[in-house]
Structures are given as structure tokens and as C-alpha cells.
Amino acid sequence: MKFYKYHALGNDYLVMNPQDLLFPLTPEKIKTICHRNFGIGSDGILLGPLASKTARFALRIFNPDGSEAEKSGNGLRIFSRYLWDRGLVSEESFSIETVGGLVQSVIQDAGKTVQVEMGKVSFWSNDIPVVGDAYGGLHLRREVIEEKISVSDETFTFCAATIGNPHCVIPLAEVKPAIAKQYGPILEVHPLFPNRTNVQFMKVVNRNTIQIEIWERGAGYTLASGSSSSAAAAVAHKLGLCDSSITVQMPGGEILIQVKDDFTISMTGSVTKVAEGELSAELFTD
Ligand SMILES: N[C@H](CCC[C@H](N)C(=O)O)C(=O)O
């Protein structure tokens, strides 16, 4: 079974074509394939191209814990590059259908850079979803802006957003990997987020630059995230802390985000091909 490995600023994915599958991709098989020691190792699997009635192709995105994600910014750049490399698209601009909505990709520099129109960010609790309310009630439909969330020994002020997948954005004066690794796992499964959530700790560097540390739903600490970059940049803009053009600095590198007036997001970033190969049948024997 073929796989194609790419990374986007160190957030790595395996592309698997459904035509090459010899068995269904169950959560157990996904965990094995993505395992850093017992498998190929990856921050997720991109299953495609799939047929679509609304776009050129459809894509399904799986986290290494086996859960399915509605959207992945780095995953979409990687999948767009894969389609270009394999000659499955003849134009440099094409649409892709995801569970979290339709996106438009534009290949640049022979696929070493990809721009994706990621869709519109919403801060509304029923879209994300987020339950509760600013006062601890059951569920008040509201934009989730500067509310409180308590974990173990800390209470953070956060904003929540969705761009198809859920995000919890916590502005801080300084951010570092340790804070994401300490609090990310607890916030990921906080009861305020019925579908769990991705988490970003965000430092606003200036009006056109933010720095984030990321804990991803279903993947843990990652070096970069396109949907996290989109959500964090949208929050910084919503809070009036940043202009519309924002460079997002992450441990793996930088992504450029443009936040339009209606909070639709344009994301531009790199893609690097790592390898292509065959999964061995032995991978699933024990
Ligand atoms: N773990 C995420 C999906 C991947 C997001 C990230 N790798 C990106 O580039 O957007 C979720 O469950 O929503």
C-alpha cells in the first residue's frame, strides 16, 4: 500500500490514495501507521482524492489518535501539492471539499508554496461548539471572546473560534513549548468543548506578527498548524491587537495569514516532500 509523506513546517502527514487501500482505515490502523516507533510516524493521514459533487476533489483528514478532523490547513497545503505532483490537477487553482467546508487552493513555485482560501472563521458558541457561558450557565449562544477557563492550578482568559475545526486561543505575554505541553492536554478535553478542541497559546509580537505554541486535538504538541494559525490570527484581529496581514511564527516556521473584513482567511505557507513508499503487511500482523 503506497504512502506519500510530506511536511508543512514540521507538521507531517501521509497521503494515502483510497485506490491503494487494501483494507478500511480503522482508528486502530491509523494509530499504528502514524506511530513514531511502530509505524511510519506522522501527525496524521490525508485520505484522498475522493469524489466530490461540489469541488474538484474531496479529502478526509485523520489525526494520529484515529479521530477525524473537519479541516487541516497544513494538511490541505500538502494534499494540494500531492495532487499537483501526481498530475491529478491540470490547473494551479482548484477546489477541495472537506468535512469542514470547501476550500480553494493555489499552487505556487511548483508546489513548494501553496495558498489556501480556508473559509470563514466564526466565534459563535454554537458553531464551534462551546457550551456553558461567561457566567457558568448551561449554554448561552454568544461569541466566545475573553471568557474564563479553569484547569488544575490556573484560570486562563480565552477566545474560541472555528474554521471548520474547533480552537481555544489563549493570549499570553510570553509563550513556550512547556506551557502547551502542560496545559494543552487538559484544555483539549475540557467539558466546555463537546467535540474537544485544538489549543493555541498566543503572544502578540506586533500589529503584523504573532507567535503561537500549539497543542492539537488528537495529535498533541505539533511544530506548526495551519488551522491554528488561522484561528489565532483571527482572534488577534478580532481583539484589535493585529492588522489584517499577520505572520504567524511557530517552532516549525512561519505562515502568512490574511484576515478579510468578513473573517474569511487566506493562508500561505510552504510544503516539503519527504518520501514515498510502501507499507509492509507485517505492520498490521502483531
Ligand atoms: N488536529 C486538528 C486537525 C489538524 C490541524 C493542523 N495540523 C492544521 O494544520 O490545521 C483537529 O483535530 O482539528
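Basis of the calculations
Residues numbered from 1 in each chain as written. Predicted model: local features only at pLDDT ≥ 70, side-chain atom pairs only at ≥ 80, totals over all residues. Heavy atoms only, no water. Helix = DSSP H or I, 4+ residues; strand = E, 2+ residues; numbered from the N terminus. Contact = heavy atoms within 4.5 Å. Near = heavy atom within 4 Å. Polar contact = N/O pair within 3.5 Å; in protein donor to acceptor, adjacent residues only side chain to side chain. Areas by Shrake-Rupley, 256 points an atom, 1.4 Å probe, with all protein chains shown as cover. Nonpolar A, V, L, I, M, F, W, Y, C, P; charged D, E, K, R; others polar. Buried < 20%, exposed > 50% of the residue type's maximum accessible area, 1.4 Å probe, protein only. Pairing = 2+ DSSP bridges. UniProt positions renumbered as here; feature names shortened; annotations may be inferred. Lys, Arg positive; Asp, Glu negative; His and termini not counted. Salt bridge = Lys/Arg side-chain N within 4 Å of Asp/Glu carboxyl O. pLDDT = per-residue confidence, 0-100.

This part takes up the environment of Pro18. Structurally, the position occupied by Pro18 is in the loop between strand S2 (11-16) and helix H1 (27-34). Sequence separation between Pro18 and Leu46 is 28 residues, and the spatial gap between their C-alpha atoms is 9.9 Å. Those residues in contact with Pro18 that lie beyond four places of it in its chain are Leu47, Gly48, Pro49 and Leu50.

The next point concerns the site of the ligand. Close to the ligand lie 15 residues, the nearest being Tyr13, Glu216, Arg217, Gly226 and Ser227. In the environment of the ligand, an oxygen atom lies 2.8 Å from a nitrogen or oxygen atom belonging to the backbone of Gly73. Out of a free accessible area of 370 Å², the ligand has 100% covered by protein chains. Going through the elements one at a time, S2, helix H2 (73-85) and helix H4 (226-238) are the ones with two or more residues in the shell around the ligand. Tallied by class, residues from the shell around the ligand come to two nonpolar, 10 polar and three charged.

Summarising burial for strand S13 (residues 209-216): seven of the eight residues are buried, a large majority. Summarising the sheet, strand S12 (residues 198-206) and S13 pair through seven bridges and their orientation is antiparallel. Looking across to S13, one finds that Val199 is bridged to Trp215. The turn joining S12 and S13, which pair antiparallel and follow one another in sequence, is formed by two residues. One ladder, built from three bridges, connects S13 with strand S14 (residues 220-222); its direction is antiparallel.

Here the focus is the UniProt feature "binding site: substrate" (unreviewed entry) in the protein. Here the UniProt feature "binding site: substrate" (unreviewed entry) sits at Asn11, Asn63, Gly73, Asn74, Asn165, Asn198, Glu216, Arg217, Gly226 and Ser227. As for its placement among the helices and strands, Asn63 is situated in the loop between strand S4 (57-62) and strand S5 (68-69). Residues within four places of Asn63 in sequence aside, it is in contact with Ile30, Asp43, Gly44, Ala69, Glu216, Arg217 and Gly218. Here Asn74 is to be found in helix H2.

What follows covers the side chain of Arg77. In this fold, Arg77 is placed in helix H2. Buried and without a salt bridge, Arg77 has Glu216 as its closest oppositely charged side chain, separated by 10 Å. If we ignore the near neighbours within four places in the chain, the residues touching Arg77 are Ala8, Leu9, Val114, Val116, Ile255, Met267, Gly269, Ser270 and Val271.

As a further point, take unusual backbone geometry. Cis peptide bonds are those with omega within 30 degrees of zero, and the linkage from Gly48 to Pro49 qualifies with 5°. Inspection of the secondary structure puts Pro49 in strand S3 (residues 45-50). In this structure, Glu146 is a non-glycine residue whose phi angle is positive, near 50°. For Glu146, the location among the structural elements is in the loop between strand S8 (113-120) and strand S9 (147-151).

In this section: the confidence of the model for the protein. For the protein, per-residue confidence averages 97 on the pLDDT scale, and 98% of positions sit at 70 or higher. Confidence estimates for the predicted assembly give a pTM of 0.97 and an ipTM of 0.99.

Tracing the backbone through its elements, the reader meets Gly218 in the loop between S13 and S14. Accessibility expressed as a relative area gives 9% for Gly218, which makes it buried. Sequence separation of Gly218 and Arg196 is 22 residues, and the distance between their C-alpha atoms is 8.8 Å. Those residues in contact with Gly218, other than ones at most four positions away along the chain, are Asn63, Pro64, Asp65, Ser67, Glu188 and Arg196.

On to the pattern of salt bridges, then. The full count for this structure, using the stated rule, is 16 salt bridges. Where Asp243 meets Arg207, a salt bridge forms, and the shortest distance between an N and an O atom there is 2.7 Å. In this pair, Asp243 is assigned in the loop between H4 and strand S15 (245-250) and Arg207 in the loop between S12 and S13, connecting sequence segments 36 residues apart. Through salt bridges with shared partners, a single network forms among Lys5, Asp12, Arg36 and Asp43.

The pairing of strand S6 (residues 93-98) with strand S7 (residues 101-108) spans six bridges and is classified as antiparallel. Paired with Ser95 across the two strands is Gln104, which belongs to S7. Counted between consecutive antiparallel strands, the loop separating S6 from S7 contains two residues. Between the end of S7 and the start of S8, which pair antiparallel, lie four residues, with Asp109 showing a positive phi angle near 55°.

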